[in-house]
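Residue strings, one per chain:
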Amino acid sequence: MPMETPYRTSVHENKQAFPVAPGVWGLKTVFVNLFFVSAPDGSWVLVDTGVYGSADKIRKVAQELFGDERPKAILLTHGHFDHIGAVKELAQDWDVPVYAHPLEMPYLTGKSSYPPPDPSVGGGGMAYMSFLYPKKPINIHENIELLPPDGSVPGLPDWRWVHTPGHTAGHVSFFRERDRVLLAGDAFITRDGESMLAVMSQKREVHGPPKYFTSDWGAAHHSVERLMVLNPSIAATGHGLPMEGEQLMRQLEQLVKDFWSVAVPGHGRYVNQPAIADEQGVLSVPPSDNTIPKVMAATGLVALAGVALVMYARQQNKSQQARKGDWRNRPFSHNRPLQGIPPTVPATLDEDDPHAHTNNYP
Ligand SMILES: [Zn+2]
Ligand SMILES: [Zn+2]
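Residues numbered from 1 in each chain as written. Chains lettered and ligands numbered in written order. Predicted model: local features only at pLDDT ≥ 70, side-chain atom pairs only at ≥ 80, totals over all residues.

1. As for the overall build of the protein
Then step 1. Along the backbone of the protein there are eight helices and 15 strands.
Then step 2. Each of the 362 residues in the protein was classed as buried or not, and the buried ones make up 48%.
Then step 3. Long-range contacts, defined here as pairs at least 24 residues apart, represent 70% of the contacts in the protein between residues at least 6 apart. (Helix = DSSP H or I, 4+ residues; strand = E, 2+ residues; numbered from the N terminus. Buried ≥ 20, exposed ≤ 12 C-beta atoms within 10 Å, placed from the backbone. Contact = placed C-beta atoms within 7 Å.)

This is the structure:
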């Protein structure tokens, strides 16, 4: 039963939104992207909400794409200020639920602030934008809902969410298996996050998560690896333009392989020790003067693991391309090298412990 035109096509008439894939459009607000995603039945959801003050712009583009139809839901990749700027206003205006990962809840319900950003890593583009930073966590508890633990995405039956912690503990990405479209949030980004010039540029390039705000580099590495194994055909991220095909895969593989030398800062608060958080908020952060150079001993091991994974993923992909529903079963390395890279959680912690901010959710 072919469904040739399940998605609205009015994007071609829209001047502000950029097309990502069938039924998926991006919109840039100042320096961060949000996404409009259409479901097969013509309903739609919003993924992230841009910087503060973006509500009118989002409403206008939504009107052009979908007419007066309100979205079924707002989905959040994570709760950083540049992704939730308009969430409160839009959720109340549209009267729709906002979905996020359980580990992101404390920052969306006023319970906890994120681990402090690390200005010692240079800051770059994010530091320049500091005038936009809110001082307190927002509270949208009237509208907030947990993403379903089975990996399904409310309002988008053909998508799955993937836990991709590291940049934040409850960071998630969204994946449409049918054509392998990935919305990666800030798990990795497609421009140089540290360069102010790159904010304006059209250059497409895979980079690690924005350094300034990433509080667990081991988990962040793991998450990029997890997304690479999904073998996305198109990836749209929180910062930068969408990328696709061979160029995307090649650069993702390279990022996984070289993560500790190209994505992780040479020194910084969270390089050797992550911030620890649970569903209640931040439990501990390393001292701010933690600038011990990172141990590079594990890089080789990580590279080897990455290469093996790529080969495995390719092989799997060839044989499984037509098979549906099993992407969550594709293996990826749970095994961090024993030294050099800080563990996300104590090794003794049970895998199913909900307090572990590692990949224990689908
Ligand atoms: Zn972020
Ligand atoms: Zn961001």
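2. Thoughts on the sheet that holds strand β12 (residues 234-237)
Within a beta sheet, neighbouring strands are joined by backbone hydrogen bonds and run either parallel or antiparallel to one another.
Then step 1. With mixed pairing, six strands are arranged side by side in an open sheet as β8-β9-β10-β11-β12-β13. This sheet does not close on itself; its edge strands, each paired only once, are β8 (152-153) and β13 (243-244).
Then step 2. For strand β9 (residues 156-163) and strand β10 (residues 172-176), the ladder comprises four bridges, and the chain directions are antiparallel. Bridging across to β10, His163 finds its partner in Val172. (Pairing = 2+ DSSP bridges.)

3. Some thoughts on helix α7 (residues 245-262)
Then step 1. Spanning 18 residues, α7 covers only 22 Å between terminal C-alpha atoms, well under the ideal 26 Å at 1.5 Å per step.
Then step 2. All of the buried residues in α7 are Leu248, Met249, Leu252, Glu253, Leu255, Val256, Lys257, Phe259 and Trp260. (Expected span 1.5 Å × (residues − 1).)

4. Considering the nonpolar core
Then step 1. Phe35, Phe36 and Ile74 are the most contacted members of the largest nonpolar core, which totals 81 residues.
Then step 2. Contact partners of Phe35, with chain neighbours within four places excluded, come to Val20, Val24, Trp25, Gly26, Val47, Asp48, Leu183 and Ala236. (Core = buried A, V, L, I, M, F, W, Y, C linked by C-beta atoms within 7 Å.)

5. Considering the environment of Val153
Then step 1. Counting through the fold element by element, Val153 comes out in strand β8.
Then step 2. Sequence spacing of Val153 and Leu75 is 78 residues, and the spatial spacing of their C-alpha atoms is 8.5 Å.
Then step 3. Excluding anything up to four places from it in sequence, Val153 contacts Leu75, Trp159, Arg160, Trp161 and Phe174.

6. Here's the deal with the sheet that holds strand β4 (residues 44-47)
Then step 1. Within the open sheet, the seven strands sit side by side as β1-β2-β3-β4-β5-β6-β7. Their pairing is mixed. The open sheet has two edge strands with one neighbour each: β1 (18-21) and β7 (144-146).
Then step 2. Relative to strand β5 (residues 74-75), β4 is paired through two bridges, and the arrangement is parallel. The residue of β5 that forms the bridge with Leu46 is Ile74.

7. What about helix α3 (residues 87-94)?
Then step 1. Listed as buried for α3 are Val87, Leu90 and Ala91. Down the axis of α3, the buried set is contained in an arc of 100°. They therefore lie on one face.
Then step 2. Those residues of α3 that are buried are in contact with α1 (55-66), β5, α2 (81-84) and β6 (98-100).
Then step 3. Immediately downstream of α3, the backbone of Asp95 shows phi near 55°, a positive value. (Arc of directions from axis to C-beta.)

8. Some points on unusual backbone geometry
Residues apart from glycine generally show negative phi values, whereas peptide bonds are mostly found in trans.
Then step 1. Not every positive phi belongs to a glycine, and Asp48 is a case in point at roughly 70°.
Then step 2. With respect to the secondary-structure elements, Asp48 resides in the loop between β4 and α1.
Then step 3. Overall, the presence of 30 C-beta atoms within 10 Å leaves Asp48 in the buried class.
Then step 4. Of note, the phi angle at Asn231 is positive, near 55°, even though the residue is not glycine.
Then step 5. As for its placement among the helices and strands, Asn231 is situated in the loop between α6 (217-229) and β12.
Then step 6. Residue classification places Asn231 among the buried positions, given that 20 C-beta atoms sit within 10 Å.

9. Brief notes about the packing of α6 against α7
Then step 1. In contact at an axis separation of 9 Å, α6 and α7 are set at 150° when each is read in the N-to-C sense. In terms of their interaxial angle, α6 and α7 are classed as roughly antiparallel. The hand of the α6/α7 crossing is left-handed. Packed against α6, whose contacting residues are His221, Val224, Glu225 and Met228, the element α7 presents Leu252, Glu253, Leu255, Val256 and Phe259 at the interface.
Then step 2. Looking at side-chain class alone, the contact of α6 with α7 contains six nonpolar, one polar and two charged residues. (Axes fitted to C-alpha atoms, helices over the stretch in contact; angles between N-to-C directions. Parallel < 35°, antiparallel > 145°, perpendicular 65-115°, else oblique. Left-handed = near helix turned anticlockwise from the far one by under 90°. Nonpolar A, V, L, I, M, F, W, Y, C, P; charged D, E, K, R; others polar.)

10. Quick notes on the environment of Leu230
Then step 1. Of note, Leu230 is situated in the loop between α6 and β12.
Then step 2. With 50 residues separating them along the chain, Leu230 and Arg180 place their C-alpha atoms 7.7 Å apart.

11. Observations concerning the pairing of β12
Then step 1. In terms of strand pairing, strand β11 (residues 181-185) meets β12 through four bridges, oriented parallel. Considered in β12, the bridge of Leu182 is made with Ala235.
Then step 2. Summarising the sheet, β12 and β13 pair through two bridges and their orientation is antiparallel. Paired with Ile234 across the two strands is Glu244, which belongs to β13.

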